[in-house]
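# A closer look at the structure
Okay, here's what each chain looks like letter by letter:
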Amino acid sequence: MDKPWTASHGPIAATEFDVQKAEAISALLIRPIGILPNKPGDPIRPFALGLFNDIRALAKPDVKATALRRAVGSFVHSKRYYFASAQPGSMRHDIDGKPAEPLSTEDRLVAQRRFLSLKRSNDENSASRIEPAASPAPPSKTEQIRAALLRRDRQT
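Here the structure is a predicted model, which is why all the values come from computation and not from measurement.

### Examining helix α1 (residues 16-26)
- Looking at α1, one finds that the buried residues are Asp18, Val19, Lys21, Ala22 and Ile25. Across the axial projection of α1, the buried residues extend over an arc of 160°, all falling on one side.
- Among the structural elements, α3 (65-76) and α4 (79-86) are those in contact with the buried residues of α1.

This is the structure:
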């Protein structure tokens, strides 16, 4: 995995969960920002470097920077955000959602590694939740005797 991907999956569409994260960020701001998806299917756009400072300037007066950083972090450290960032030709975007600059090869490679790591982790968690069907325990000696007595009673 030393080489960035060369085949693009095109724009990565936001899911309902991505939109919920975007709405959580928007709720902390005095106005909406164009880089965030508004509905499922909208593209996920990688942020320009230093964009958090622009976002923080739009925070409501009662919002602490830590709360805003956590909300933004939840969005930008997600599997789909990394997937969007890892795409060949992916661009960073400004606060209004306009392309600003291409992601560097190094940044795309880091995003690719993080995406694959999160994907692997999710796959392992899914596999551990699926437990094999428990085989029934063999009947105890008492149960075997009881069953034999019941069979004998029915035969007489």
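What follows picks up the thread again.
### A word on the pattern of salt bridges
- Per the stated rule, a full pass over the model turns up three salt bridges.
- Of the charged contacts in the structure, one is a salt bridge between aspartate 18 and arginine 80, with a shortest N-O distance of 3.4 Å. Residue aspartate 18 is located in helix α1, and its partner arginine 80 is located in helix α4; the two are separated by 62 residues in the primary sequence.
- Residue aspartate 18 is classed as buried on the basis of its relative accessible area of 3%.
- In this structure arginine 80 comes out as partly exposed when scored by relative accessible area, which is 27%.
- The salt bridge partner of lysine 39 is aspartate 42, with a shortest N-O separation of 2.9 Å.

How each quantity is defined
Residues numbered from 1 in each chain as written. Predicted model: local features only at pLDDT ≥ 70, side-chain atom pairs only at ≥ 80, totals over all residues. Heavy atoms only, no water. Buried < 20%, exposed > 50% of the residue type's maximum accessible area, 1.4 Å probe, protein only. Helix = DSSP H or I, 4+ residues; strand = E, 2+ residues; numbered from the N terminus. Arc of directions from axis to C-beta. Contact = heavy atoms within 4.5 Å. Salt bridge = Lys/Arg side-chain N within 4 Å of Asp/Glu carboxyl O.

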